[in-house]
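What the coordinates show
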Amino acid sequence: MGPRWLVFFLLAVGLAALPFLVDVGLGRSWVRLLDLALLYVILALGLNIVVGYAGLLDLGYIAFYALGAYVYAWLSSPIFGLHLPFWAVLPLSAALAALFGVLLGAPTLRLRGDYLAIVTLGFGEIIRIFLNNLNAPINITNGPQGINLIDPVRLGSFDLSQSHELFGYTFTGIHLTYYLFLLFTLMAIFISMRLEDSRIGRAWVAIREDEVAAAATGINTRNLKLLAFAMGATFGGVAGGLFASFQGFISPESFNLMESIMILCMIVLGGMGHIPGVIFGAVVLTLLPEALRYTGDWQRELLGQIYIDPADLRMLLFGLALVVVMLYRPAGLLPSTRRRREFADARE
């Protein structure tokens with residue numbers, strides 16, 4: 001076995017054992033957080049296609065996440081009395097999100113930079129407001145109360161929300177969900193890698209660097225930009241469907257502007273356009289805020305009492321960490337070689 005295959009084998013063993021190690025060391029709540037981190041990796045990889053590859057600044061990306069979640073909820077909850085199987089609903093979540101990705105991209109083809117960011121931001125807020133108000137005169141989304149009793153993932157008679165004994169080990173629903181999300185995350189990584197190395201990926205990079213020059217070389221910028229929006233939205237729709245099945249409840253408040261900005265921070269912090277960096281940024285920005293919840297305990301141990309409210313101190317430290325990283329690592333924590341070189345040339 002060569003060194004490369006040995007690394008892959010150790011990585012596979014580590015990922016398989018990770019939820020049990022986290023459960024023993026940190027508790028069941030951190031396994032749940034690990035499941036959410038995998039969802040954010042899928043979201044970050046989807047936004048990376050739009051922003052990192054094609055250079056299209058999208059601040060309304062969370063709308064596709066919301067659409068995927070609501071499609072899953074409509075077809076797998078008592079709101080319409082439909083309880084379709086998971087394998088049938090998830091592709092529909094992805095398809096509707098991709099359709100709205102094209103609908104968003106079509107009227108914004110001539111926009112760039114700040115103007116595109118403003119339009120996409122407005123799109124994200126419009127979707128959230130619609131979801132918040134489509135409970136009258138016909139109840140479609142149940143308004144701000146959200147949709148509950150959403151069916152968990154079931155593969156035949158196998159319910160992933162229940163504990164099962166497999167190979168002599170007991171797997172809880174949270175552990176089984178981790179493996180399901182890990183499977184979809186690995187699929188998202190594989191697709192992203194194939195896109196990056198393809199003609200389409202190279203064309204996106206050309207559009208990102210100079211759209212006029214790309215068009216002059218014969219690249220169909222219109223179709224490729226629409227494809228970037230559709231592909232990124234598809235990732236968001238899949239993540240939204242998985243989120244709805246995992247939570248069992250969704251509401252418009254779960255899909256606010258802050259979520260879009262957080263996902264954008266993940267790819268900027270990790271290294272825009274670089275898959276390992278995007279994954280690292282998504283994991284760090286999912287786990288770091290949770291770790292900073294313990295600031296109250298730290299104050300009590302070091303100072304004897306709590307002087308600053310833990311919630312305020314948590315966000316202060318979180319924001320400070322982002323500022324420090326952007327000052328000293330503007331290309332991201334794990335940037336690609338090309339992006340690192342670009343920033344080095346800019347400083348010179």
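Residues numbered from 1 in each chain as written. Predicted model: local features only at pLDDT ≥ 70, side-chain atom pairs only at ≥ 80, totals over all residues. Heavy atoms only, no water.

1. Structural notes on the side chain of Thr-177
This is how the line gets drawn: Secondary structure counts use DSSP, requiring at least four H or I residues in a row for a helix and at least two E residues in a row for a strand, with both numbered from the N terminus. Only protein chains enter the calculation, and the probe is 1.4 Å; a residue is then buried if its accessible area is under 20% of its type maximum, exposed if over 50%, and partly exposed in between. Any two residues whose heavy atoms approach within 4.5 Å at even a single point are treated as in contact.
By secondary structure assignment, the location of Thr-177 is in helix α6 (residues 173-196). Among the residues examined, Thr-177 registers a relative accessible area of 10% and is labelled buried. Filtering out sequence-adjacent residues up to four positions away, Thr-177 remains in contact with Asp-35, Leu-160 and Phe-246.

2. As for the packing of aromatic side chains
Put simply, the test is: Here is the rule: rings of Phe, Tyr and Trp (six-membered ring for Trp) pair when centre to centre is within 6.5 Å. Planes less than 30 degrees apart are stacked, more than 60 are edge-to-face, and the remainder are tilted.
Tallied over the full model, the rule gives 15 aromatic pairs. Here the aromatic cluster, defined as three or more aromatic residues joined through ring pairs, consists of Tyr-65, Tyr-70, Trp-74, Phe-243 and Phe-255.

3. Overview of the environment of Gly-240
With respect to the element layout, Gly-240 can be found in helix α9 (residues 221-247). Taking the C-alpha atoms as reference points, Gly-240 and Tyr-72, separated by 168 residues in sequence, lie 8.0 Å from one another. For Gly-240, the residues in contact, after removing those within four places along its chain, are Tyr-65, Gly-68 and Ala-69.

4. As for helix α2 (residues 28-53)
To be explicit about the condition: The span expected for a helix works out to 1.5 Å for each residue beyond the first. Note that bend, as reported per residue, equals the angle between axes fitted to the 7 residues terminating at that residue and the 7 residues originating from it.
The terminal C-alpha atoms of α2, which comprises 26 residues, lie 36 Å apart, in line with the 38 Å expected from a rise of 1.5 Å per residue. Maximal helix bending in α2 amounts to about 35 degrees, located at Leu-47. Of all 26 residues in α2, 23 are buried, a share of seventy percent or more. Gly-55 lies just past α2 and shows a positive phi near 70 degrees.

5. A closer look at the confidence of the model for the protein chain
This is how it is decided: A score between 0 and 100, pLDDT records how confident the predictor is in each residue.
Taken as a whole, the protein chain shows an average pLDDT of 88; of its residues, 97% reach a score of 70 or greater. Here helix α14 (residues 337-347) is the element of the protein chain with the lowest mean pLDDT, 68, and helix α3 (residues 62-75) is the one with the highest, 96.

6. Points about the pattern of salt bridges
The condition that has to hold: Note on definitions: salt bridges are taken to be side-chain nitrogens of Lys or Arg within 4 Å of carboxyl oxygens of Asp or Glu.
Counting across every chain of the model gives seven salt bridges. With a closest N to O distance of 3.0 Å, Arg-28 and Asp-23 form a salt bridge. Under the relative-accessibility criterion, Arg-28 is labelled partly exposed at 42%. With a shortest N-O distance of 3.4 Å, Asp-159 and Arg-154 are connected by a salt bridge. We classify Arg-154 as partly exposed; its relative accessible area is 38%. What you see here is one network of salt bridges that share partners, running through Arg-112, Glu-211 and Lys-225.

7. Overview of a nonpolar patch on the surface
We count it as follows: Exposure above 30% relative accessible area and the lack of any salt bridge qualify a residue for a patch; like charges then connect within 9 Å, and the nonpolar side chains Val, Leu, Ile, Met, Phe, Trp and Tyr within 5 Å. Surface accessibility follows the Shrake-Rupley procedure with a 1.4 Å probe radius. Residue values consider only the protein chains on display as shielding.
Taken together, the side chains of Tyr-294, Trp-298, Leu-302, Leu-303, Tyr-307 and Ile-308 make up a nonpolar region of the molecular surface, amounting to roughly 690 Å² of accessible area. Topologically, Leu-302 is positioned in helix α12 (residues 295-303). Classification of Leu-302 as exposed rests on a relative accessible area of 73%.

8. A short note on the side chain of His-164
Selection rule: Pairs of N or O atoms within 3.5 Å make up the polar contacts considered here, provided that, within protein, one atom can donate a hydrogen while the other can accept it, and that residues adjacent in sequence are counted only when both atoms are side-chain atoms.
By the element assignment, His-164 lies in strand β6 (residues 164-166). Reaching out from His-164, the side chain makes a polar contact with the backbone oxygen of Asp-159 at a distance of 2.7 Å. Setting aside its immediate chain neighbours within four residues, His-164 contacts Phe-158, Asp-159, Tyr-169, Thr-170, Phe-171 and Leu-176.

9. Re unusual backbone geometry
Cis geometry marks the peptide bond from Ala-136 to Pro-137; its omega dihedral reads -5 degrees. Positionally, Pro-137 belongs in the loop between α5 (113-133) and β3 (147-148). With a phi angle near 65 degrees, Asn-142 is a residue other than glycine that sits in the positive phi range. Tracing the backbone shows Asn-142 in the loop between α5 and β3. One non-glycine residue, Leu-149, lies in the positive phi region at around 60 degrees. Its location among the elements puts Leu-149 in the loop between β3 and β4 (154-155).

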